[in-house]
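# Topology and contacts: notes
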Amino acid sequence: MMVIKKASGNDAALIAALSRKTFYETFAAFNSKKDMDKFMTEQFTADKLIREVLDPANIFFIATDDDIPLGYVFLRQSDPPKELGSSNAIEIARIYALNAAIGTGVGKLLMQQCLNTAVALKKDMIWLGVWEKNTRAVSFYEKWGFKKFSTHVFMLGDDAQTDWLMQKELHH
């Protein structure tokens, strides 16, 4: 049975490993090895990822099935993009699932956890950034009612890519 639990510092190494595996699975086929290697060794190191999990301002949930990790979500409480003004917002910094778990409902469970958490924290809005060429993810977010409000540049190695910024208003 699939379950979601709030992650603790004890889960930091697992989340770091999941982050690196899911990122590579999702994006390696669409990017050069040079850019992927540079990103993975400079921006997406296990050490940096572990520090994110240990930061008390960050919220992580892990989805498992029979204790086998399938994916996770990272909610970040930080200032929203200027386009959202002074909205009381929270960011879905990452919602990642292993390729083998896609289509099992893990994404739906993780997204529902994000929305429930945002409402429990009395947020008015939830937002995220997604690579414009990740059409499967864009479609998933649109089905959940997210709408594009801006773009920003995401550096993957030496490649400047465009991310769509998407937001969804929440109702308490």
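Here, the structure is the one placed above.
Scope of this entry: the structure provided in the associated data block. This one's a predicted model, so the numbers in the text were calculated from it and none came from an experiment.

### Re the packing of helix α1 (residues 12–27) against helix α3 (residues 46–54)
Contact geometry for α1 and α3: axes closest at 8 Å, N-to-C directions at 125°. Put simply, α1 runs oblique to α3. Classified by chirality, the crossing of α3 by α1 is right-handed. Where α1 approaches α3, its residues Ala 12, Ala 13, Ile 15, Ala 16, Ser 19 and Arg 20 are matched on the opposing element by Ala 46, Leu 49, Ile 50, Val 53 and Leu 54. Looking at the contact of α1 with α3, its residues break down into nine nonpolar, one polar and one charged.

### Observations regarding the sheet that holds strand β5 (residues 125–131)
An order of β1-β2-β3-β4-β5-β7-β6 is seen for the seven strands of this open sheet, with the pairing classed as mixed. Each edge of the open sheet carries a strand with a single partner, namely β1 (2–6) and β6 (147–156). Across the sheet, the axes of successive neighbouring strands diverge by a mean angle of 25°, strand direction being ignored. Bridging between β6 and strand β7 (residues 159–169) involves nine bridges; their strand directions are antiparallel. Across the sheet, the residue bridging to Phe 154 is Gln 161, located in β7. Its contacts with the sheet put α3 on β2 (58–65), β3 (68–76) and β4 (89–97), and the angle it makes with β2 is roughly 105°.

### A word on unusual backbone geometry
You will see that Asp 66, though not glycine, has its phi angle at about 50°, which is positive. You can see Asp 66 is positioned in the loop between β2 and β3. In the Ramachandran plot, Lys 122 falls in the positive-phi region, its phi being about 60° despite a non-glycine side chain. Secondary-structure assignment places Lys 122 in the loop between α4 (106–120) and β5. Judged by its relative accessible area of 59%, Lys 122 is exposed.

### Topic: the packing of α1 against helix α2 (residues 33–42)
At a closest axis distance of 12 Å, the pairing of α1 and α2 adopts a crossing angle of 165°. The angle between α1 and α2 places the two elements in the roughly antiparallel class. Along this stretch, α1 crosses α2, giving a crossing that reads as right-handed. Counted together, Arg 20, Phe 23, Tyr 24 and Phe 27 of α1 and Met 36, Asp 37, Phe 39 and Met 40 of α2 form the full contact between these two elements.

### Some details on the environment of Gln 167
Secondary-structure assignment places Gln 167 in strand β7. Here the alpha-carbon distance between Gln 167 and Met 36, two residues 131 residues apart in the chain, equals 27 Å. Not counting the four nearest positions on each side in its chain, Gln 167 is found in contact with Leu 84, Met 125, Ile 126, Trp 127, Gly 145, Phe 146, Lys 147 and Phe 149.

### Some points on the nonpolar core
Where a protein is soluble and globular, its nonpolar side chains tend to be buried together. In this structure, Phe 23, Ile 92, Met 111, Ile 126, Tyr 141 and Phe 146 are the most contacted members of the largest nonpolar core, which totals 48 residues. Other than its neighbours up to four places away in sequence, Ile 126 contacts Leu 75, Ile 90, Ile 92, Cys 114, Leu 115, Ala 118, Phe 146, Met 166, Gln 167, Lys 168 and Leu 170. One finds Leu 84, Met 125, Trp 127 and Leu 165 within the second-largest nonpolar core, a separate group that totals five residues.

Each value, and the rule that gives it
- Residues numbered from 1 in each chain as written.
- Predicted model: local features only at pLDDT ≥ 70, side-chain atom pairs only at ≥ 80, totals over all residues.
- Heavy atoms only, no water.
- Axes fitted to C-alpha atoms, helices over the stretch in contact; angles between N-to-C directions.
- Helix = DSSP H or I, 4+ residues; strand = E, 2+ residues; numbered from the N terminus.
- Parallel < 35°, antiparallel > 145°, perpendicular 65-115°, else oblique.
- Left-handed = near helix turned anticlockwise from the far one by under 90°.
- Contact = heavy atoms within 4.5 Å.
- Nonpolar A, V, L, I, M, F, W, Y, C, P; charged D, E, K, R; others polar.
- Pairing = 2+ DSSP bridges.
- Buried < 20%, exposed > 50% of the residue type's maximum accessible area, 1.4 Å probe, protein only.
- Core = buried A, V, L, I, M, F, W, Y, C linked by side-chain atoms within 4.5 Å.

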